[in-house]
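One-letter residues, chain by chain:
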Amino acid sequence: MGSLLTQSQARAVARIDEQVQGRQFLTLTLGGETFAIPIENIREIIEFSGLTEIPMMPEFLRGVINLRGAVVPVLDLAARFGRAHTEVSRRTCIVILEVSNDNAALALGVMVDAVNEVLTIEPNQIEPAPNFGAKIRADFIEGMISLGERFVIALDIQKIVAVDELASLIGANPDAQAIEAEQS
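To start, this report covers the structure provided alongside it. Values in this document were obtained by computation on a predicted structure and should not be read as measured data. The residue count restarts for each chain, going from 1 along the sequence in the order it is written. Side-chain atom pairs in this predicted model are given and counted only at pLDDT of 80 or more, local residue features only at pLDDT of at least 70, and totals for whole chains, interfaces and linings cover all residues. Remark: hydrogens and water are excluded; side-chain values derive from all non-hydrogen atoms of the structure.

## Topic: the overall build of the protein chain
Then, in step 1: Helix and strand assignments follow DSSP, with helices taken as H or I runs no shorter than four residues and strands as E runs no shorter than two, numbered in order from the N terminus. Scanning the protein chain from terminus to terminus reveals 4 helices and 11 strands.
Then, in step 2: By the convention used here, residues are in contact when the closest approach between their heavy atoms is within 4.5 Å. When contacts within the protein chain are restricted to residue pairs at least 6 apart in sequence, long-range pairs at least 24 apart make up 57% of them.
Then, in step 3: The Shrake-Rupley method, run with a 1.4 Å probe sphere, supplies the accessible areas, and residue values consider only the shown protein chains as cover. By element, 53% of the accessible surface of the protein chain is carried by carbon and sulfur atoms, the whole surface being about 10700 Å².

Dropping the structure here:
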């Protein structure tokens with residue numbers, strides 16, 4: 001009788017497989033810079049067609065979308081990095097990610113300027129994250145992908161969309177704004 005793999009078993013098999021065959025990353029553009037996200041975190045990519053904004057949320061939480069009947073929060077990845085909001089253009093899209101939280105898979109969208117291509121990267125092409133020089137938090141960086149003469153920042157998507165951190169920010173933000181409103 002066949003058995004289904006648990007999510008952690010599937011990830012372990014994927015890690016072994018990537019050591020043998022390389023690892024795949026989706027490259028994307030934010031503010032003219034190229035970043036990469038491990039493909040194993042991506043569920044799908046959809047065209048940006050608007051979203052519903054939610055009042056009193058952190059700047060980087062742009063709103064929610066209806067994805068086949070499910071409410072999916074959407075982060076503006078540029079704003080999450082402390083940059084200006086992503087300007088919506090013809091190539092703007094939402095990358096739907098699957099992130100884990102307490103053994104449950106959650107869908108979360110990240111808004112990006114554009115998606116580019118999928119790269120297969122050998123383990124020796126990934127350098128450790130730098131201690132300085134990147135214009136984003138160091139803990140958001142998984143490593144630097146070496147592509148000849150240039151580097152692409154490989155993002156640690158679990159840290160960027162840390163569900164616990166986001167929940168505390170979302171939970172704390174309305175209280176802070178309510179206190180500000182009472183004081184004025």
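## Thoughts on the nonpolar core
Then, in step 1: As used in this record, nonpolar core signifies buried Ala, Val, Leu, Ile, Met, Phe, Trp, Tyr and Cys residues forming a set joined through side-chain atoms within 4.5 Å. Type-normalised accessible area, obtained with a 1.4 Å probe on protein chains alone, sets the label of each residue: buried when under 20%, exposed when over 50%, and partly exposed for intermediate values. Of all hydrophobic cores here, the largest spans 29 residues; its most connected members are Leu 30, Leu 77, Phe 81, Leu 97, Leu 155 and Ile 160.
Then, in step 2: When contributions to this core are tallied by element, the ones reaching two or more residues are β1 (23–30), β2 (33–38), α2 (77–80), β6 (93–101), β7 (104–112), β10 (141–147), β11 (150–155) and α3 (157–160).
Then, in step 3: Sorting elements by how many residues they give to this core places β6 first, with 4 residues.
Then, in step 4: Aside from chain neighbours lying at most four places away, what touches Leu 77 is Leu 28, Leu 30, Val 110, Met 111, Val 112, Leu 155 and Ile 160.
Then, in step 5: Ranked by size, the runner-up nonpolar core spans 8 residues in total, among them Phe 48, Leu 67, Val 74 and Ile 96.

## Side note on the environment of Thr 34
Then, in step 1: Summarising the element assignment, Thr 34 is placed in strand β2.
Then, in step 2: Sequence spacing of Thr 34 and Asn 116 is 82 residues, and the spatial spacing of their C-alpha atoms is 8.7 Å.

## Concerning the side chain of Asp 76
Then, in step 1: Locating Asp 76 in the fold gives a position in strand β5 (residues 70–76).
Then, in step 2: Apart from the residues lying within four places of it in its own chain, the contact partners of Asp 76 are Phe 60, Arg 62, His 85, Thr 86 and Met 111.

## Brief notes about the pattern of salt bridges
Then, in step 1: When a carboxyl oxygen of Asp or Glu lies within 4 Å of a side-chain nitrogen of Lys or Arg, that pair is called a salt bridge. Applying the stated rule across the entire model yields 7 salt bridges.
Then, in step 2: With its nearest N and O atoms 3.0 Å apart, the salt bridge here joins Arg 83 to Glu 33. Residue Arg 83 is located in the loop between α2 and β6, and its partner Glu 33 is located in strand β2; the two are separated by 50 residues in the primary sequence.
Then, in step 3: The salt bridge involving Asp 76 is made with Arg 62; its shortest N-O contact spans 2.6 Å. One end of the pair, Asp 76, is in strand β5; the other, Arg 62, is in strand β4 (residues 61–67), and 14 residues separate them in sequence.

## Quick look at the pairing of β2
Then, in step 1: Pairing between β1 and β2: 6 bridges, direction antiparallel. By the bridge assignment for β2, Leu 26 is matched with Ile 37.
Then, in step 2: Any two strands between which DSSP finds at least two bridges are classified as paired. Counting the residues between successive antiparallel strands, the hairpin from β1 to β2 contains 2 residues, one of them, Gly 31, with a positive phi of roughly 55 degrees.

These figures come from the coordinates and say nothing about function on their own.
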